[in-house]
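What the coordinates show
In case you want the letters, here they are:
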Amino acid sequence: KRDEVVIKVQRQQGTGDKWWFNQQEAQSEILLTLHSPADAIIGQYYLSVLLMSLDGRIVEKMNEISFHLLFNPWCKDDVVYLPDEKLLHEYVINEDGVIFMGTWDYIRSIPWNYGQFEDFVMDICFEVLDNSKEALQNFKTDIERRSDPVYISRIITAMVNANGDRGVLIGRWKQPYLDGVTPNRWTGSVPILRKWSKDGIKAVKYGQCWVFAGVACTVLRCLGIPTRLITNFASAHDVDGNLSIDFVEDFESREEKNDSSWNFHCWVESWMRRDDLPKGNEGWQVLDPTPQELSDGEFCCGPCPVSAIKEGNLGVKYDAPFIFAEVNADIIYWRFLPGGQKQKIHVDQRSVGRNISTKSIYGNGREDVTLLYKYPEGSKEERESYKKAGRRVTHHTDGKVAPARLNLLIKHLNPVFGTDFDVILEVTNEGCDDTNVHLTVHAIAVTYNSLHQGECQRQMNNVTVSAQKAHKEVLHFRYEDYSKCVSEHHLIRVKALAEAQGDSLPLMAVADIPLNMPELHIQVLGKAFVWEQLTAYISFTNPLPVPLTGGVFTLEGAGLLSETQIYAEGVISPGQKVSVKVSFTPMRTGVRTLLVDFDSDRLKDVKGVASVVVRKKYRNIIPVLSGRF
């Protein structure tokens, strides 16, 4: 940028780590071909060429030639080399993504526009690197290290979030979002990156884990590093590093200040060789740009080899213990007894790290990559991995056990947001005697990362469960009640405790109930051709029993159109259908994805997606012939 790093170019091919050029005469011109080494620094280069006469005079001088150089995963000597064309197409070339969300037993997805080849995105990606702490402290040293994807990717995880630097996104995990954009409203990375750059390196408000991961995926793919977005369901956030998530359960509606368990958490994996680590640590590396815990004094995480997490090798760089806990930690519930003693009431060793997912290379379906992170539950290899990682074996401290004759279940269907629904609590007595049970049930609205939003319902009662019978308690949830406290993630957590008479431990059950959202309908009229106007209709029916105001549709699509907003005028009554028309001009050929989001005062995060095949227009040319044959 300021000629900090000047590279001499050899006149002929030498060793593989040098720049060189060759020249070829063609019709009184000279064709110069420049060859870069596989470990070249990535960035914008300025090329100076001198044309000399035989007697040493300068005939011509050219200084206006510039180009960008990126990592090359097609080059076998590059540290990001990936020898599979299908994987390269998906993890470098594809601009259309799918992000999996929800809960481990009810997985949903949203489309995401990475847009790494959209106008100005590459320049912004290098702008991100240029504004890192490392670049600002010593630009020359930073430039010289930009041949290393380990160094580059770690900087990206720090710079995608704005904690403590000039990063791209500010995170916020609960309302209000009035001075920014609600995280659920984003449908792609390009508007975020452009806004950060256009506003003068000012952090964009707001992001949550999938937004941070989506932006990081865009930047890394743009720089030539094969990258995919990962969702870990039932993800643990272990603050104290003891490989367990500890909750003191008093059935009060309050936030956990320390450890937490997220319904899902998103990060990215990038493919690279790890020359800084022993053999066996190459391949996919975890990179997490969501600001959670400090790593070497910065809010960044990774790169960490996925293979090291699976084997329990927690001594490798970077942040292996924290990532291992995200997919393997125990969840331990405690309570305080009347005398002040702390009692362990429930240990869950199987729930964390489930259905770890990424987009399939064969379409928009889900590929399960859980076995890349952990061995099958109960296997010998799993036990060896845990032992190597130092994960303790958890036992009940007082030697008590839960009553074997009782079972506790929480049953529910998949309710739709805006409707009333029931949740059934079932206590089954498989013993030979009737049992008196004290039941406590607590339903709270939570965010996807377990921040409490308010109480929906609470019940306490004593019941007698007959031998070989089941007792059912029905909790009725009304929209007019839960809508007052449910978050934009539309999630209700039901916790139940069953205490039998006697000296045994209580039974505990927890269920997260996601509320389904309606979909937008998109109709694209006619065939799509590049640089010809195309029209689409977007329709939406209000599913709520209340009117909506302030409706806005947000559209974007790589190669189709930049972020566009269309406002729905007036009030949308219950059951009313509203349609909007949008015209745009496709700019690039191929299969393109149109993404639409709808938000209003009472209903947000309604998504729609449509695929558009954009073709070149071939015109028939009729020759006009004259003369003799």
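Residues numbered from 1 in each chain as written. Predicted model: local features only at pLDDT ≥ 70, side-chain atom pairs only at ≥ 80, totals over all residues. Heavy atoms only, no water.

Time to look at the sheet that holds strand 27 (residues 534–541). The strand order 25-27-30 describes an open sheet built from three strands, whose pairing is antiparallel. Two strands close off the open sheet at either side, each with one partner strand: strand 25 (521–525) and strand 30 (577–584). Going from strand to strand, the sheet's axes swing by 20 degrees on average, the running direction of each strand aside. Bridging between strand 27 and strand 30 involves eight bridges; their strand directions are antiparallel. The residue of strand 30 that forms the bridge with Ile538 is Val580. (Pairing = 2+ DSSP bridges. Helix = DSSP H or I, 4+ residues; strand = E, 2+ residues; numbered from the N terminus. Axes fitted to C-alpha atoms, helices over the stretch in contact; angles between N-to-C directions.)

Within helix 9 (residues 320–328), eight of the nine residues are buried, which leaves the element mostly enclosed by the surrounding structure. If you check which residues of helix 9 are buried, you get Ala320, Phe322, Ile323, Phe324, Ala325, Glu326, Val327 and Asn328. (Buried < 20%, exposed > 50% of the residue type's maximum accessible area, 1.4 Å probe, protein only.)

With that out of the way, let us pick up the packing of aromatic side chains. Taken as a whole and judged by the stated rule, the model has 19 aromatic pairs. Ring geometry for Tyr91 against Trp284: centres 5.2 Å apart, planes inclined by 90 degrees, an arrangement best described as edge-to-face. Of the two residues, Tyr91 sits in helix 1 (residues 85–93) while Trp284 sits in strand 12 (residues 283–287), which places them 193 residues apart along the sequence. Assigned by exposure class, Tyr91 and Trp284 land together as buried. Relative to Tyr482, the ring of Phe417 lies with its centre 6.2 Å away and its plane at 55 degrees, an arrangement referred to as tilted. In this pair, Phe417 sits in the loop between strand 18 (406–412) and strand 19 (421–429) while Tyr482 sits in helix 12 (residues 479–482), placing the two residues 65 residues apart along the sequence. When its relative accessible area of 3% is taken as the criterion, Phe417 is described as buried. On the accessibility criterion, Tyr482 (1% relative accessible area) is buried. (Phe/Tyr/Trp six-rings, centres within 6.5 Å; stacked < 30°, edge-to-face > 60°.)

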